[in-house]
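Listed below, chain by chain, are the residues.
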Amino acid sequence: MVCLGNICRSPLADGLLLRKIKAQNLNAIVDSAGTANYHIGKAPDSRMIRTAAKHGTALDFLRARQFTYNDFQNFDHILVMDHSNQRNVLKLAQTPDDEKKIEFFLDYLYPHQQLEVPDPYYGTLEDFEAVYQLVDQATDALIQKLFHEQ
Ligand code: 4NP
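Residues numbered from 1 in each chain as written. Predicted model: local features only at pLDDT ≥ 70, side-chain atom pairs only at ≥ 80, totals over all residues. Heavy atoms only, no water.

Going through the model one piece at a time under the given rule, you end up with three aromatic pairs. Both rings, one in Phe-67 and one in Phe-72, keep their centres 5.5 Å apart while their planes meet at 90 degrees; by these two values the pair is edge-to-face. Each member of the pair Phe-67 and Phe-72 is classed as buried. Between the aromatic rings of Tyr-69 and Phe-72, the centroid separation amounts to 5.7 Å while the plane-to-plane angle is 40 degrees, which identifies the pairing as tilted. Among the aromatic side chains, those forming a connected cluster through ring pairs are Phe-67, Tyr-69 and Phe-72. (Phe/Tyr/Trp six-rings, centres within 6.5 Å; stacked < 30°, edge-to-face > 60°. Buried < 20%, exposed > 50% of the residue type's maximum accessible area, 1.4 Å probe, protein only.)

Take the layout of surface pockets next. Looking at the largest pocket, its volume works out to about 420 Å³. Around the largest pocket, the lining is made up of 22 residues, and of these Ile-29, Val-30, Phe-75, Asp-76 and His-77 lie nearest the centre. Of all the secondary structure elements, the ones that give two or more residues to the lining of the largest pocket are helix H1 (9-23), helix H3 (70-74), strand S3 (78-80) and helix H6 (125-148). Ranked by residue count, the leading element in the lining of the largest pocket is H6, at three residues. Residues that form the lining of the largest pocket fall into these classes: 15 nonpolar, three polar and four charged. (1 Å grid on protein atoms, 1.4 Å probe; cavity = no way out; pocket = protein on both sides within 12 Å on 5 of 7 lines; lining within 4 Å. Points joined across faces, edges and corners; volume = space filled by probe spheres on them. Helix = DSSP H or I, 4+ residues; strand = E, 2+ residues; numbered from the N terminus. Nonpolar A, V, L, I, M, F, W, Y, C, P; charged D, E, K, R; others polar.)

The full set of residues close to the ligand is Cys-3, Leu-4, Gly-5, Asn-6, Ile-7, Cys-8, Arg-9, Tyr-38, His-39, Asp-119, Tyr-121 and Tyr-122. Interatomic distance of 2.8 Å between a backbone N/O atom of Gly-5 and an oxygen atom of the ligand. Surface burial for the ligand is 92%, taken as the share of its 360 Å² of free accessible area covered by protein chains. Looking at the shell around the ligand, its residues break down into seven nonpolar, three polar and two charged. (Near = heavy atom within 4 Å. Polar contact = N/O pair within 3.5 Å; in protein donor to acceptor, adjacent residues only side chain to side chain. Areas by Shrake-Rupley, 256 points an atom, 1.4 Å probe, with all protein chains shown as cover.)

A few words now on the packing of H1 against H6. Helix-helix packing is characterised by the crossing angle of the two axes and by the distance between the axes. Relative orientation of the contacting elements H1 and H6 amounts to 50 degrees, with a least axis distance of 10 Å. Comparing their axes, H6 and H1 come out oblique. Along this stretch, H1 crosses H6, giving a crossing that reads as right-handed. Together, Arg-9, Leu-12, Ala-13, Leu-16, Leu-17, Arg-19, Lys-20 and Ile-21 of H1 and Val-131, Tyr-132, Val-135, Asp-136, Thr-139, Asp-140, Leu-142, Ile-143 and Phe-147 of H6 make up the contact between the two elements. Grouping the constituent residues of the contact of H1 with H6 by class yields eleven nonpolar, one polar and five charged. (Axes fitted to C-alpha atoms, helices over the stretch in contact; angles between N-to-C directions. Parallel < 35°, antiparallel > 145°, perpendicular 65-115°, else oblique. Left-handed = near helix turned anticlockwise from the far one by under 90°. Contact = heavy atoms within 4.5 Å.)

Turning next to the nonpolar core. Note on soluble globular proteins: their nonpolar side chains tend to be buried together. The biggest cluster of nonpolar side chains holds 30 residues, and the ones touching the most others in it are Met-1, Leu-12, Phe-105 and Val-135. Every element with two or more residues in this core is listed here: H1, helix H2 (46-54) and H6. Tallying contributions element by element places H6 first for this core, with nine residues. The contacts of Val-135, once residues within four sequence positions are left out, are Leu-12, Ala-13, Leu-16, Phe-105 and Val-117. Phe-72, Val-80, Ile-102 and Phe-104 belong to the second largest nonpolar core, which has twelve residues in total. (Core = buried A, V, L, I, M, F, W, Y, C linked by side-chain atoms within 4.5 Å.)

By the definition in use, this model includes nine salt bridges. Lys-20 is the salt-bridge partner of Asp-140, the closest N and O atoms lying 2.9 Å from each other. Highlighted residues: Asp-140 in helix H6 and Lys-20 in helix H1, separated in sequence by 120 residues. A residue is classified by how much of its surface remains accessible, and Asp-140, at 42% relative accessible area, is partly exposed. The exposure class of Lys-20 is buried, given its relative accessible area of 11%. A salt bridge links Asp-97 to Lys-100; the shortest N-O distance between them is 3.3 Å. You can see Asp-97 and its partner Lys-100 sitting in helix H5 (residues 96-100), three residues apart, about one turn around the helix. (Salt bridge = Lys/Arg side-chain N within 4 Å of Asp/Glu carboxyl O.)

Take it as geometry only, folks, not as evidence of what the structure does.
Listed below in structure tokens is the structure:
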């Protein structure tokens, strides 16, 4: 799960997916990272933590880190939240196989549309809630596709 700061969108996708994978006894390694280095080592944004907690999803244990080339070796799917994230991870890809791993997170919910999860960082609490609803639906769709349709 990749976004810019790794404090709003991608930690939410990470924490929600972890929670659902555990609840459904599925087996996967999930992590998140930001393309930027601004927030390395920080907990998720307090507004994102509070919004997720309201829905029973804990995010406070997560810490931001920066996306690195090693992520292409450690993960099968590199899911980006927006086009800028896509450009930034593409710059680090070294092989066509690396490039193939990059997908739009929302394509699991709205296939082939390359829609973006809006960045709530400069927004209101309502924007954080809207991101939660979107990521909640997209993580359900992702689990359906990756665990139940293959
Ligand atoms: P995220 O949101 O990419 O969803 O974690 C942002 C967090 C921080 C900043 C931008 C977006 N920032 O400019 O510091």
